[in-house]
Amino acid sequence: MRRLWAPWRMEYILSEKGSECIFCKKIKEDRDEDNYILYRGANSFVMMNVYPYNNGHLMVMPYLHLSTLEELGTDVMFDMMNVTQKAISILRDVLNPDGFNVGMNFGKIAGAGMPSHLHIHIIPRWMGDTDFMPLVAETRVMPEHLKITYRKLLPFFKK
């Protein structure tokens, strides 16, 4: 039997999980590097996904704890799209992907891991970034550690 070691998962497994929204909790803390928060804007912020689909997987979300687009005001929606556009530009310049998946999931049934706090996923894609591992082993191979990607992206979000 083969084993895939992921020791960083133990921190999450053993961590205390409260009922508070993880996004609301993290944005209140003053620990942006530990929480992988790259940018804080007027109405929204950018955070790296700690369980990414691909290297550089970012999320743009409002400070407001809302679950649907219908609840957002136009100023917040515009800000989120503006921040999404800037994040894509930064990812393009820093990580040089061949393309992107950008989207939102509403409700658990639609794949939302955090259905109570809406967010936009930005997933960089490279030619050949999928291989046999997800198909035969239900495992995704990440080529770079989150901390390294965070340090690459952060200076560009500070501009």
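Just above sits the structure.
Residues numbered from 1 in each chain as written. Predicted model: local features only at pLDDT ≥ 70, side-chain atom pairs only at ≥ 80, totals over all residues. Heavy atoms only, no water.

### Observations regarding the nonpolar core
For the record, the criterion: Only buried Ala, Val, Leu, Ile, Met, Phe, Trp, Tyr and Cys residues count toward a nonpolar core, and they belong to the same one when joined by side-chain atoms within 4.5 Å. Buried, partly exposed and exposed residues are distinguished by accessible area as a fraction of the type maximum, computed with a 1.4 Å probe on protein chains only: under 20%, between the cut-offs, and over 50%, respectively. Here, residues are in contact when the closest pair of their heavy atoms is within 4.5 Å.
Core analysis: the largest hydrophobic core is formed by 24 residues, its most contacted members being Leu38, Leu58, Leu153 and Phe157. When residues no more than four places from it in sequence are discounted, the contact partners of leucine 38 are Val46, Met48, Leu58, Tyr150, Leu153, Leu154 and Phe157. If you look at the next biggest cluster of nonpolar residues, it comprises nine residues, including Cys24, Phe45, Met59 and Met61.

### Description of unusual backbone geometry
A negative phi angle characterises most non-glycine residues, just as the trans form characterises most peptide bonds. Quick reminder of the rule: Runs of H or I in DSSP of at least four residues are treated as helices and runs of E of at least two as strands, each being numbered from the N terminus.
If you check the backbone angles, tyrosine 36 has positive phi at about 60° while not being a glycine. On the secondary structure map, tyrosine 36 appears in the loop between helix H3 (32–35) and strand S1 (37–40). At asparagine 96, a position not held by glycine, the phi torsion is positive, near 55°. Assignment of secondary structure puts asparagine 96 in the loop between helix H4 (74–95) and strand S4 (99–103).

### Description of H4
As a reminder, the rule being used: Expected span of a helix: the number of residues minus one, times 1.5 Å.
Given a rise of 1.5 Å per residue, 22 residues ought to cover 32 Å, and the 31 Å separating the end C-alpha atoms of H4 matches this to within 8%. Of all the positions in H4, only Val76, Asp79, Met80, Val83, Thr84, Ala87, Ile88, Ile90, Leu91 and Leu95 are classed as buried. The secondary structure elements touched by the buried residues of H4 are S1, strand S2 (44–48), strand S3 (58–62), S4, strand S5 (120–125) and helix H6 (146–157). Positive phi appears at asparagine 96, one or two residues downstream of H4, with a value of about 55°.

### A short note on the sheet that holds S5
Whenever strands of a sheet pair, they do so through backbone hydrogen bonds, lying parallel or antiparallel. So the rule is basically this: Should DSSP find at least two bridges between two strands, the strands are regarded as paired. Axis angles are defined between N-to-C directions and span 0 to 180 degrees, where every axis is a line fitted to C-alpha atoms and, for a helix, only to the segment in contact.
Strand order in the open sheet formed by five strands is S1-S2-S3-S5-S4, and the pairing between neighbours is antiparallel. Taken across any chain shown, the strands that pair with only one partner, and hence form the sheet edges, are S1 and S4. Adjacent strand axes in the sheet meet at a mean angle of 15° when their direction is disregarded. Sheet analysis places S2 next to S3, joined by five bridges and oriented antiparallel. Bridge pairing in S3 links phenylalanine 45 to methionine 61. Along the sheet face, H6 touches S1, S2 and S3 and points at about 20° away from the line of S1.

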